[in-house]
Amino acid sequence: YTMKLRGVPVATGQVVIDRFLAIGVPPEDQQIHGIRCTDPAFGLSAVWVTEADRMRAEMAGYTVVDPTSVIATHVTEVIKKHAAEILGRQEVQDLVERIRQTRPAAVEGLIPTVLSVADLHRILQNLLAEQVSIRDMLSIMEALGDRAPQTRDIDALTEAVRLGLRRRICAQYLTEDGRLPVLTLDPRVERLILAAVQEDASGQFLALEPDQARAILEELAKGMERASRMGYQPILVVTPRLRLVVRRLTASVFENLVVLSQAELVPDITIENLGMVSLPSEG
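Quick notes on the rules
- Residues numbered from 1 in each chain as written.
- Predicted model: local features only at pLDDT ≥ 70, side-chain atom pairs only at ≥ 80, totals over all residues.
- Heavy atoms only, no water.
- Helix = DSSP H or I, 4+ residues; strand = E, 2+ residues; numbered from the N terminus.
- Buried < 20%, exposed > 50% of the residue type's maximum accessible area, 1.4 Å probe, protein only.
- Contact = heavy atoms within 4.5 Å.
- Expected span 1.5 Å × (residues − 1).
- Salt bridge = Lys/Arg side-chain N within 4 Å of Asp/Glu carboxyl O.
- Patch = residues over 30% accessible without salt bridge, like charges linked within 9 Å, V, L, I, M, F, W, Y side chains within 5 Å.
- Areas by Shrake-Rupley, 256 points an atom, 1.4 Å probe, with all protein chains shown as cover.
- Pairing = 2+ DSSP bridges.
- Axes fitted to C-alpha atoms, helices over the stretch in contact; angles between N-to-C directions.
- Arc of directions from axis to C-beta.
- Polar contact = N/O pair within 3.5 Å; in protein donor to acceptor, adjacent residues only side chain to side chain.
- Lys, Arg positive; Asp, Glu negative; His and termini not counted.

### Regarding the overall build of the chain
Within the chain, the secondary structure is distributed over 12 helices and 12 strands. With the C-alpha coordinates of the chain rotated into their principal frame, the extents come out at 65 × 60 × 40 Å. The burial tally for the chain puts 42% of its 283 residues in the buried class. Partitioning the intrachain contacts of the chain with sequence separation of at least 6 by distance along the chain shows that 67% fall at a separation of at least 24.

Shown next, in the form of structure tokens:
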């Protein structure tokens with residue numbers, strides 16, 4: 001099957017309609033026979049097993065799902081990944097009108113007086129691009145109402161909204177026992193990045209030397225692998241001033257890396273530091 005966005009293929013997958021997909025990599029002595037493949041939604045090792053082997057696979061530690069669930073999960077992940085592209089200007093206008101009807105004070109004096117629907121559209125796209133839910137539109141509008149009178153910069157407004165949604169953002173990454181496992185940057189690395197931050201008409205960007213950027217990304221990859229082996233979502237916490245530029249540095253290389261600022265961490269959650277990303281010592 002193929003999934004298309006505005007006529008352009010964005011994802012493909014295969015299912016075996018008379019079998020079940022067993023996802024995971026149990027111990028060698030628990031391997032089962034079937035058609036080896038990769039789970040289309042998350043890229044995990046998997047095997048298509050027969051109905052007769054389904055229970056055996058579950059007892060061996062595999063997660064077993066039917067073909068319909070495989071496709072449904074894949075569709076959900078593709079929608080989440082491309083949500084920023086799917087959200088249109090008309091949908092944003094509809095969201096504004098819905099808030100205007102139920103909470104008029106949140107909209108009055110903001111849209112279109114201070115911000116246009118086009119501005120709000122770009123801000124919501126920025127949030128969705130980083131898997132931040134926009135369901136709490138009231139909080140989003142209130143955050144914009146506080147910050148928009150001071151700036152029209154879309155990036156600055158997006159960061160302000162993220163602060164308003166910080167409890168929701170943190171909640172989606174908490175472990176079952178309420179911890180937030182994170183990686184941090186060595187202060188030396190933060191100073192190096194901060195010194196390379198420049199700004200032009202389009203906003204902030206990083207002017208790191210290629211060797212420096214490569215070294216930082218390589219060390220970050222090691223930390224992410226360590227977090228993944230422990231079963232955690234890789235999350236990097238940086239100072240507020242660096243969050244956006246670090247996100248841009250890493251986005252094209254590490255799609256699954258979450259970049260949070262220290263200001264987005266809710267005070268009443270437990271932070272578990274999984275390690276610090278440092279550069280190798282010279283000499």
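There's more to say after this.
### Points about helix H11 (residues 210–229)
For H11, which comprises 20 residues, the first-to-last C-alpha distance of 28 Å matches the rise-based estimate of 28 Å (1.5 Å per residue) to within 8%. Buried within H11 we find Ala213, Ile216, Leu217, Glu219, Leu220, Gly223, Met224 and Ala227. Buried residues in H11 make contact with strand E7 (179–185), helix H10 (187–195), strand E10 (235–238), helix H12 (243–251) and strand E12 (270–277). Following H11 by one or two positions, Gly231 adopts a phi angle in the positive range, close to 85 degrees.

### With respect to the pattern of salt bridges
In this structure the tally under the stated criterion is 18 salt bridges. For Glu130, the salt bridge goes to Arg162, with nearest N and O atoms at 3.6 Å. Linking Glu130 in the loop between helix H6 (117–129) and helix H7 (137–147) with Arg162 in helix H8 (residues 154–164), this pair joins segments that are 32 residues apart in sequence. For the pair formed by Glu130 and Arg162, the shared burial category is buried. Here the salt bridges do not stand alone but share partners, grouping Glu130, Glu159, Arg162, Arg243, Arg247 and Glu264 into one network.

### A look at a nonpolar patch on the surface
A cluster of nonpolar side chains, contributed by Ile71, Val75, Ile79 and Ile86, occupies part of the molecular surface with about 280 Å² of accessible area. Here the element with the most residues in the nonpolar patch is helix H2 (residues 67–81); it accounts for 3 residues. When its relative accessible area of 31% is taken as the criterion, Ile71 is described as partly exposed.

### So, the environment of Leu206
Here Leu206 shows up in strand E9 (residues 203–206). Among the residues examined, Leu206 registers a relative accessible area of 22% and is labelled partly exposed. Taking C-alpha positions, Leu206 is 10.0 Å from Leu242, a pair spaced 36 residues apart along the chain. Setting aside residues up to four positions removed in sequence, Leu206 forms contacts with Ile193, Ala196, Val197, Val245 and Leu249.

### Focus on the sheet that holds E7
Strand pairing in a sheet relies on backbone hydrogen bonds. The paired strands run either parallel or antiparallel. Ordered by their spatial adjacency, 4 strands build an open sheet running E11-E10-E7-E12, and the pairing between neighbours is parallel. Of all strands in the sheet, those with a lone pairing partner are strand E11 (258–261) and E12, marking the two edges. For this sheet, the mean inter-axis angle between neighbouring strands, taken without regard to orientation, is 40 degrees. Where H11 meets the sheet, it contacts E7, E10 and E12, and its direction lies at approximately 140 degrees from that of E12.

### Regarding H2
Taking 1.5 Å of rise per residue, the 15 residues of H2 would be expected to cover 21 Å, and the 21 Å separating its terminal C-alpha atoms lies within 8% of that figure. Among the residues of H2, Pro67, Val70, His74 and Val78 are the ones counted as buried. The arc that holds every buried residue of H2, seen down its axis, measures 65 degrees, which confines them to one face. Residues of H2 that are buried sit in contact with strand E1 (2–5), strand E2 (8–12), strand E3 (20–23), strand E5 (45–49) and strand E6 (63–65). For H2, the side-chain oxygen to backbone nitrogen distance between the N-cap and Thr68 is 3.0 Å, and the N-cap itself is Asp66.

### Describing the side chain of Asp39
Of note, Asp39 is situated in the loop between strand E4 (35–38) and E5. Buried within the structure, Asp39 lacks any salt-bridge partner; Lys80 is the closest side chain of opposite charge, at an N-O distance of 12 Å.

### Here's the deal with the pairing of E4
Both faces of the sheet carry side chains from a regular strand, because those side chains alternate between them. Sheet analysis places E4 next to E5, joined by 4 bridges and oriented antiparallel. Bridged to Ile35 within E5 is Trp48. What sits between the antiparallel neighbours E4 and E5 is a turn of 6 residues, in which Gly43 has the positive phi angle 75 degrees.

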